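Topology and contacts: notes
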Amino acid sequence: MLAPMVLLMSARGLDIAEIGLVTGAYSVTIVVLELPTGGLADVLGRRPVLAASAVVSVVALVVMALAHSMWPFLVASVLKGVARALSSGPAQAWYVDTLHARYGPAADLKPGLAAGNVAGSAALALGTLAGGLLPLAVRRDPLAAPIWAGAGAALVLLVAVLVLMREPSRAGRAPARVAVWAAVRVAEVVRDVPVTIVAGIRLGLADRALGRLLLLAAGAGVMLNTIELLTPGRLAALTGGSETGGAAYAFVTFAGFAAGALGSSLAPPLARLLRGSVRAAASATVVTGAAVAALAASTVLRGAAGVVATGATYVLLFTALAVASLLRSELLHQRVAADRRATVMSVDSLQLQFGGMLSSLCLVPLSGIAGVGPVWVLTAVVVLASALLYVRLPAGPAPRHPQ
């Protein structure tokens, strides 16, 4: 559903400011719910929370496919935010816990995280390509067809979670008691959202290195949201139509996600080559910022040259971003105990979405006044500035202080 999402909203009457508001609601929802739902996964288990996310995703995408004005799109965006908040930490926390249980806390996380990121990038690449090409083959409401397909994919996710994801039962509770207790727990965490958010922020303040790693996600959120919301419209203008623009965006993002898979596989050897994950992640972040600057420069091009230049910059950008993201994840996990892992992963996702929210509410509307190029220049500055957070960043586990 990524390729046609912005173009669908535009075709159904939303202007760029309203699209920014809708996507901003998605980010705000995640910011509010990330930490409580992360804690829920730590207590209830990874599997039920991820299954709930898949169910909400189905509902959100059905609402989006049927929406014809801003308010239904806003509802769909909020539901998507709920699903994203539920899914942000459980799967990776489940993997890390399983690996540690099998091989001990000193197990190398990089190979498995890299394989998972490669699989995720490949799925994103193929899904986005299919979503961009599907409108060319559908005559009735073509831009909505990929959204319906996305709802079907969410159903597949639900089945996969229920069948393949195994973990020990929590606290020996019977299923009925777990359901009742979960409902009470959800009510508690919603009531205590402000307190929980403050507690999550304290995790980063208590460990300054952890706080810097989490803050890096905000810069990535600004960058990803800005290019994802502004690239489809630019490509539609270059190709002369929404359907052709969506197809062009699908090929561009396919190349980007495929490059992301390559970047994930390159991260471990690059860390060895540069003698450490911190140096490699910092270097990759600088390259990411340079790629965004190149994307801004490409706005002077027209026609096929503009499309090709956009694709080339996406390849460079997502290769470098994948390297930085994987190594930052490793550094993050090294400083987190198992009982707080899903919560910290939710704090990390919260920072990503906070950056996306700032982009949706500030940079995206600004593009309607200043143009796409200047907004991408500002985005490049944000990314390059965030690389400074790696300076003198300690690697390895957080120090243990006596009680």
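What follows covers the overall build of the protein chain. Check the secondary structure of the protein chain and you find 15 helices and zero strands. Counting all 403 residues of the protein chain, 52% fall into the buried class.

Bringing the side chain of T299 into the picture now. Summarising the element assignment, T299 is placed in the loop between α12 (277-297) and α13 (303-334). Here T299 is in contact with R234, V372, G373 and W376, once residues within four sequence places are set aside.

Attention now goes to unusual backbone geometry. Positive phi is not limited to glycine here, since D141 has a value of about 50°. Classification of D141 as partly exposed rests on a relative accessible area of 37%. Despite not being glycine, R392 shows a phi value in the positive range, around 55°. Here R392 lies in the segment after α15 (372-386). Residue R392 is classed as exposed on the basis of its relative accessible area of 80%.

A word on the packing of aromatic side chains. Remark: the centre distance and the inter-plane angle together describe each pair of aromatic rings, the angle taken between the planes. In total, this model carries two aromatic pairs according to the counting rule given. Taking the centre distance of 5.6 Å and the plane angle of 65° together, the rings of F257 and F318 count as edge-to-face. A residue pair is termed long-range when its members are at least 10 positions apart, and F257 in helix α11 (residues 242-273) and F318 in helix α13 qualify at 61 residues. The pair formed by F257 and F318 is uniform in burial state, with each residue classed as buried.

Moving on, we get to the pattern of salt bridges. The final tally for this structure, using the stated rule, is three salt bridges. As a salt-bridge pair, D141 and R12 come within 2.6 Å of each other at their nearest N and O atoms. Of the two residues, D141 is situated in the loop between α6 (110-137) and α7 (145-164) and R12 in the loop between α1 (2-11) and α2 (16-44); the sequence distance between them amounts to 129 residues. A salt bridge links R46 to D97; its shortest N-O distance comes to 2.4 Å.

Counting through the fold element by element, L136 comes out in helix α6. Each C-alpha atom of the pair L136 and E243 lies 6.5 Å from the other, and the pair is 107 residues apart in sequence. Residues within four places of L136 in sequence aside, it is in contact with E243 and A247.

Here helix α4 (residues 70-87) spans 25 Å end to end across 18 residues, near enough to the 26 Å set by a 1.5 Å rise per residue. Residues of α4 that are buried: M70, F73, L74, A76, S77, K80, G81, A83, A85 and L86.

Formed by 53 residues in total, the largest nonpolar core has its most connected members in F73, M223, I227, L317 and F318. At nine residues, the largest contribution of residues to this core is made by helix α10 (residues 208-239). Core analysis: the next-biggest nonpolar cluster, separate from the first, contains 31 residues, A271, V278, A280 and M345 among them.

Our focus in this paragraph is the side chain of S359. Summarising the element assignment, S359 is placed in helix α14 (residues 341-370). Looking at S359, its side chain comes within polar contact range of the side chain of N225, at 3.0 Å. Ignoring any residue separated from it by four or fewer positions in sequence, one finds S359 in contact with V222, N225, T226, V364 and P365.

The next point concerns the environment of L316. Counting through the fold element by element, L316 comes out in helix α13. Judged by relative accessible area, L316 falls into the partly exposed class, the value being 41%. For the pair L316 and T288, spaced 28 residues apart in the sequence, the C-alpha separation amounts to 7.4 Å. In this structure, L316 is in contact with V287 and A291, ignoring residues within four places of it in sequence.

Further remarks concern a nonpolar patch on the surface. Taken together, the side chains of L262, L266, L270, L273 and L274 define a hydrophobic patch exposed on the protein surface, amounting to about 410 Å² of accessible area. Structurally, L273 can be placed in helix α11.

In this section: the confidence of the model for the protein chain. Overall, the predicted model of the protein chain reaches an average pLDDT of 84, with 85% of residues at or above 70. The lowest-confidence element of the protein chain is helix α8 (residues 175-191), averaging 58 in pLDDT; the highest-confidence one is α15, averaging 95.

Contact pair α12 / α13: the axes reach a minimum separation of 8 Å and the direction vectors enclose 155°. Looking at the two axes, α12 sits roughly antiparallel to α13. Classified by chirality, the crossing of α13 by α12 is left-handed. When α12 is examined against α13, the residues S277, V278, A280, A281, A284, T285, V287, T288, A291, V292, A294 and L295 are found in contact with a partner set consisting of T310, T313, Y314, L316, L317, A320, L321, V323, A324, L327, E330 and L331.

Moving on: the packing of helix α3 (residues 46-66) against α4. Relative orientation of the contacting elements α3 and α4 amounts to 165°, with a least axis distance of 8 Å. Taken together, the axes of α3 and α4 lie roughly antiparallel to each other. Seen along the crossing, α3 lies across α4 with a hand that is left-handed. Contact with α3, carried on its side by V49, L50, A52, S53, V56, S57, V59, A60, V63 and M64, involves P72, F73, V75, A76, L79, K80, V82, A83, L86 and S87 of α4 and no other residues of that element. By residue class, the composition of the contact of α3 with α4 is 16 nonpolar, three polar and one charged.

Rules used throughout
Residues numbered from 1 in each chain as written. Predicted model: local features only at pLDDT ≥ 70, side-chain atom pairs only at ≥ 80, totals over all residues. Heavy atoms only, no water. Helix = DSSP H or I, 4+ residues; strand = E, 2+ residues; numbered from the N terminus. Buried < 20%, exposed > 50% of the residue type's maximum accessible area, 1.4 Å probe, protein only. Contact = heavy atoms within 4.5 Å. Phe/Tyr/Trp six-rings, centres within 6.5 Å; stacked < 30°, edge-to-face > 60°. Salt bridge = Lys/Arg side-chain N within 4 Å of Asp/Glu carboxyl O. Expected span 1.5 Å × (residues − 1). Core = buried A, V, L, I, M, F, W, Y, C linked by side-chain atoms within 4.5 Å. Polar contact = N/O pair within 3.5 Å; in protein donor to acceptor, adjacent residues only side chain to side chain. Patch = residues over 30% accessible without salt bridge, like charges linked within 9 Å, V, L, I, M, F, W, Y side chains within 5 Å. Areas by Shrake-Rupley, 256 points an atom, 1.4 Å probe, with all protein chains shown as cover. pLDDT = per-residue confidence, 0-100. Axes fitted to C-alpha atoms, helices over the stretch in contact; angles between N-to-C directions. Parallel < 35°, antiparallel > 145°, perpendicular 65-115°, else oblique. Left-handed = near helix turned anticlockwise from the far one by under 90°. Nonpolar A, V, L, I, M, F, W, Y, C, P; charged D, E, K, R; others polar.

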